[in-house]
Amino acid sequence: SPYLAWVKGAAKVITCHDALAIRSALGHFPQNRTKSSGKLLQKWIRNSLAQADRIVYVSNKTREDFEQLLGIRVPSDLIPHALNWSYSQASEPEIGVALQPLGIERNQYIIHVGSNQWYKNRLGVLQMFAELRSEDRFQGLRLLMVGKPFTAEMRDFCRASHLDDVIELVGAGNEKLRVLYSGALALLFPSLEEGFGWPVLEAQACGCPVITSQREPMSEIAGNGAQFVDPFRLESVHEAVQACVENREEIVAAGFRNLKRFSSAEVIGRYQRFYQSVIGSSETAADLASLLN
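Residues numbered from 1 in each chain as written. Predicted model: local features only at pLDDT ≥ 70, side-chain atom pairs only at ≥ 80, totals over all residues. Heavy atoms only, no water.

**Q** So what exactly am I meant to see when it comes to the pattern of salt bridges here?
**A** One side chain can pair with another of opposite charge once the charged atoms of both are near each other. Considering all chains together, one arrives at 16 salt bridges under this definition. E194 is paired through a salt bridge with K120; the nearest N and O atoms lie 2.9 Å apart. Here E194 is found in the loop between β7 (186–189) and α8 (198–205), whereas its partner K120 is found in the loop between β4 (109–114) and α5 (122–132), with 74 residues between them in sequence. Judged by its relative accessible area of 7%, E194 is buried. On the accessibility criterion, K120 (11% relative accessible area) is buried. For R142, the salt bridge is made with D165, and the minimal N-O distance between the two is 3.7 Å. One end of the pair, R142, is in strand β5 (residues 142–147); the other, D165, is in the loop between α6 (152–160) and β6 (166–170), with 23 residues separating them in the sequence. Take D165: its relative accessible area is 22%, and that puts it in the partly exposed class. (Salt bridge = Lys/Arg side-chain N within 4 Å of Asp/Glu carboxyl O. Helix = DSSP H or I, 4+ residues; strand = E, 2+ residues; numbered from the N terminus. Buried < 20%, exposed > 50% of the residue type's maximum accessible area, 1.4 Å probe, protein only.)

Okay, here's the thing in structure tokens:
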């Protein structure tokens, strides 16, 4: 956005994905401190957004955050991301080959995908799993954590809680992730903040039931295709997992229906209409549409 001030003689359009860095710089998240140089940069970014003629937001949560931060309402449109890779259900042989080296079986593990930023709540995932293991009905479950290496705090928690059944998997690519989603009992994604929440859609595309936070934007992106938990109430995970066991087919079907909102064709069509409204020329917009197609 700082470059918007130098754009002359054309409509200025920008896409905002999330306001987490700006909000951190403003002190909204004490757990994520920002250096003085970062605060200056984020102030520059925030103030420069007022130069935009139109803003595209990827979720209602992102739009609400920015409208509060800006203090003004720049004309905006809501256009979500399309699923960014060809995630789909893996075959049984594919699942078997991927799970065998990990020592886990189909539908006998919960998966989490994410990095170590505080808002991903990875320690909270481990705490929820420990809470699950306190009940006999979930004793056979494993937890597969895909993403960055564990932090010292996470390792200490696993040792203190005797979580020997947690599997740490670093650096899985899209193809492997597709198979791991497909074989899982559920995705556990109790994030505290997001701009969008990719893993929710990735799991739904692979026929994996989703358990995620009852807060925006996760509830917006998951639609009716998920079970929701309070990330600060560990016990709320019990019934969510049980629902994934008992109502798996219904949850998976709802996830597939939800995905239609995020198809490439749907999102491209929305961008075509958006740019046509910005440009104001049907001929130019038609050229653009043919290019995008």
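**Q** Looking at this structure, how should I read the packing of helix α4 (residues 92–99) against helix α7 (residues 174–183)?
**A** When two helices pack together, their arrangement is given by the angle between their axes and by how far apart the axes lie. Direction vectors running N to C along α4 and α7 enclose 105°, while the axes themselves pass 9 Å from each other. Classified by the interaxial angle, the pair formed by α4 and α7 is roughly perpendicular. Listed contacts from α7 to E94, I95, A98 and L99 of α4 are E175, R178, V179, L180, S182 and G183. When the residues that make up the contact of α4 with α7 are grouped by side-chain class, the tally is five nonpolar, two polar and three charged. (Axes fitted to C-alpha atoms, helices over the stretch in contact; angles between N-to-C directions. Parallel < 35°, antiparallel > 145°, perpendicular 65-115°, else oblique. Contact = heavy atoms within 4.5 Å. Nonpolar A, V, L, I, M, F, W, Y, C, P; charged D, E, K, R; others polar.)

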